[in-house]
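# Observations on the model geometry
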Amino acid sequence: MDISPITMPNLAFDLAFHPKAQIVAAGTITGEVLVYGLDVDENAQLFKSNYHTDSCRQVAFSSDGALLYSAGADRGIQATDAETGKARGTMAAAHRAAINALHVVDPSIIVSGDDEGAVKVWDVRKQGCVAEYDEHADYIAALTTCEQHDEIVAVSGDGTVSVMDWRGKEIELSYQLDDEPLCVSIIKGGTRVVCGTQEGTLGIYSWAKWEDVSDRMLGHPASVDCIVKLGEDTVVTGSSDGMIRLVDILPHRIRGVLGEHEGFPVESLALSGDAEIVASCSHDKMIKFWNVKGLGNASAAPSSGKAEGAAEGGFFDDL
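Residues numbered from 1 in each chain as written. Predicted model: local features only at pLDDT ≥ 70, side-chain atom pairs only at ≥ 80, totals over all residues. Heavy atoms only, no water.

### Comments concerning the overall build of the chain
Regarding its fold elements, the chain presents 0 helices and 28 strands. Based on the C-alpha atoms only, the size of the chain along its principal axes is roughly 50 × 50 × 30 Å. Sorting the 319 residues of the chain into buried and exposed places 59% on the buried side. Carbon and sulfur atoms make up 44% of the accessible area of the chain, which amounts to about 12700 Å² in all. Each charge class in the chain can be summarised by its mean position, and for the 24 positive and 49 negative side chains these summaries are 3 Å apart. (Helix = DSSP H or I, 4+ residues; strand = E, 2+ residues; numbered from the N terminus. Buried < 20%, exposed > 50% of the residue type's maximum accessible area, 1.4 Å probe, protein only. Areas by Shrake-Rupley, 256 points an atom, 1.4 Å probe, with all protein chains shown as cover. Lys, Arg positive; Asp, Glu negative; His and termini not counted. Charge placed at Lys NZ, Arg CZ, Asp CG, Glu CD.)

### Overview of the side chain of Ser-239
Relative to the helices and strands, Ser-239 is located in strand β23 (residues 234-239). On the basis of relative accessible area, Ser-239 is assigned to the buried category, the value being 0%. Residues within four places of Ser-239 in sequence aside, it is in contact with Ala-222, Ser-223, Asp-225, Arg-245, Pro-265 and Val-266. (Contact = heavy atoms within 4.5 Å.)

### Some remarks on the nonpolar core
Among the nonpolar cores identified, the biggest contains 17 residues, and Met-8, Phe-17, Leu-38, Ile-287 and Phe-289 are the most heavily contacted of them. Those elements giving two or more residues to this core turn out to be β2 (12-17), β3 (23-28), β4 (33-37), β27 (277-282) and β28 (286-291). Residues in contact with Ile-287, not counting those within four places in the same chain, are Pro-5, Ile-6, Met-8, Leu-15, Ala-26, Ala-279, Ser-280 and Cys-281. (Core = buried A, V, L, I, M, F, W, Y, C linked by side-chain atoms within 4.5 Å.)

### Some thoughts on the sheet that holds strand β13 (residues 128-133)
Where strands meet in a sheet, backbone hydrogen bonds hold them as pairs that are either parallel or antiparallel. Strands sit in the order β10-β11-β12-β13 across an open sheet of 4 strands; the sheet is antiparallel. Each having just a single partner strand, β10 (99-106) and β13 make up the two edges of the open sheet. Adjacent strand axes in the sheet meet at a mean angle of 20° when their direction is disregarded. Where strand β12 (residues 119-123) meets β13, 5 bridges bridge the pair, whose relative direction is antiparallel. Across the sheet, Val-119 pairs through a bridge with Tyr-133, a residue of β13. (Pairing = 2+ DSSP bridges. Axes fitted to C-alpha atoms, helices over the stretch in contact; angles between N-to-C directions.)

### Observations concerning the pattern of salt bridges
Using the criterion set out here, one finds 13 salt bridges in the structure. Lys-48 serves as the salt-bridge partner of Glu-32, at 3.6 Å between the closest nitrogen and oxygen. With a gap of 16 residues between them, Glu-32 in the loop between β3 and β4 and Lys-48 in strand β5 (residues 44-49) connect regions that are remote in the sequence. Under the relative-accessibility criterion, Lys-48 is labelled partly exposed at 42%. Residue Arg-216 is joined to Asp-212 by a salt bridge in which the shortest nitrogen-to-oxygen separation is 4.0 Å. In this structure Asp-212 comes out as partly exposed when scored by relative accessible area, which is 42%. Taken together, the shared-partner salt bridges in this structure form one network comprising Arg-96, Glu-132 and Asp-134. (Salt bridge = Lys/Arg side-chain N within 4 Å of Asp/Glu carboxyl O.)

### Section: the pairing of strand β20 (residues 202-206)
By the criterion of burial, β20 is predominantly enclosed, with 5 of the 5 residues buried. Here β20 shows no split at all, with Leu-202, Ile-204 and Ser-206 on one side and Gly-203 and Tyr-205 on the other all buried. What sits between the antiparallel neighbours strand β19 (residues 192-197) and β20 is a turn of 4 residues, in which Gly-200 has the positive phi angle 95°. Relative to strand β21 (residues 215-217), β20 runs antiparallel, the two sharing 3 bridges. Following the sheet pairing, Leu-202 is matched in β21 by Met-217.

### A word on the sheet that holds strand β17 (residues 171-173)
Reading across the sheet, the 4 strands line up as β14-β15-β16-β17 and stay open at both edges, with antiparallel pairing between neighbours. Of all strands in the sheet, those with a lone pairing partner are β14 (140-146) and β17, marking the two edges. Each neighbouring strand pair of the sheet contributes to a mean axis angle of 20°, computed without reference to strand direction.

### Overview of the environment of Thr-90
Along the chain, Thr-90 turns up in strand β9 (residues 87-91). The spatial distance from the C-alpha of Thr-90 to the C-alpha of Cys-226 is 27 Å, given a sequence separation of 136 residues.

### Overview of the environment of Glu-262
Looking at the secondary structure, you find Glu-262 in the loop between β25 (253-260) and β26 (266-271). When its relative accessible area of 44% is taken as the criterion, Glu-262 is described as partly exposed. For the pair Glu-262 and Gly-242, spaced 20 residues apart in the sequence, the C-alpha separation amounts to 5.9 Å. A distance of 2.9 Å separates the side chain of Glu-262 from the side chain of Lys-288, its partner in a polar contact. (Polar contact = N/O pair within 3.5 Å; in protein donor to acceptor, adjacent residues only side chain to side chain.)

What follows is the structure, encoded as structure tokens:
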């Protein structure tokens, strides 16, 4: 499925795919969230929300696709109906500092991280924060979880990786890296954690061995700013050199370049629910789409590169 690029009115900071439909959401520097329906012939804007008073840095759909969460520099978390665009709930002052990371754990739990290193866990059913961690000395760059573990993995600008039981029972913190981690993905059936870094190295941790990386992969000539898991052995990386690469881990191999943003840094990557399309956004104000069908198998090769290409109140009171 080849999808035409989308020209954005403003710079997009983050992208998210609907888990069950060919719909992509983008959070922008102006605070708007724009949602598009994708089609081979023509993409259509489904709705635009303006609930944020400052830049929207993160967007994420709920696991059932009913809600679209967004967060950003205004310190608020917004829940929007993913079909109508109407507000479903707001936490206007969810953090003390701007929110830089947001991740959906399951249908009732979301987690957020801010510019001062705080991580908060939110239970939508209880309409509030159920756990908070202040282990990091600098901003939270990214958050993730995986099916095999109940822990949340956070990477920070202070050079550390933390692993937190979201029920508040235990926290593990890695030793400080020599490089700044910018993004994270969990692969190999939950046994490896891959971090993209400022220097372009992929740092690889073995699960539960956080004292140091167990391996490093070289080959990116610039910072690895974003990463998505395509298969248990394969990730897609977005770099500040504008390139989107297909990368195998253990054994290490950059299998090829999926596409590029002509030298503009890649801000965000998102994988469609059917794992057939990767979306990317960049400083060129474009959302581009790359066909990755079948490429999660480490023996496959990319065909030719490019595809065509808020008020105070209770937490999510209306949910």
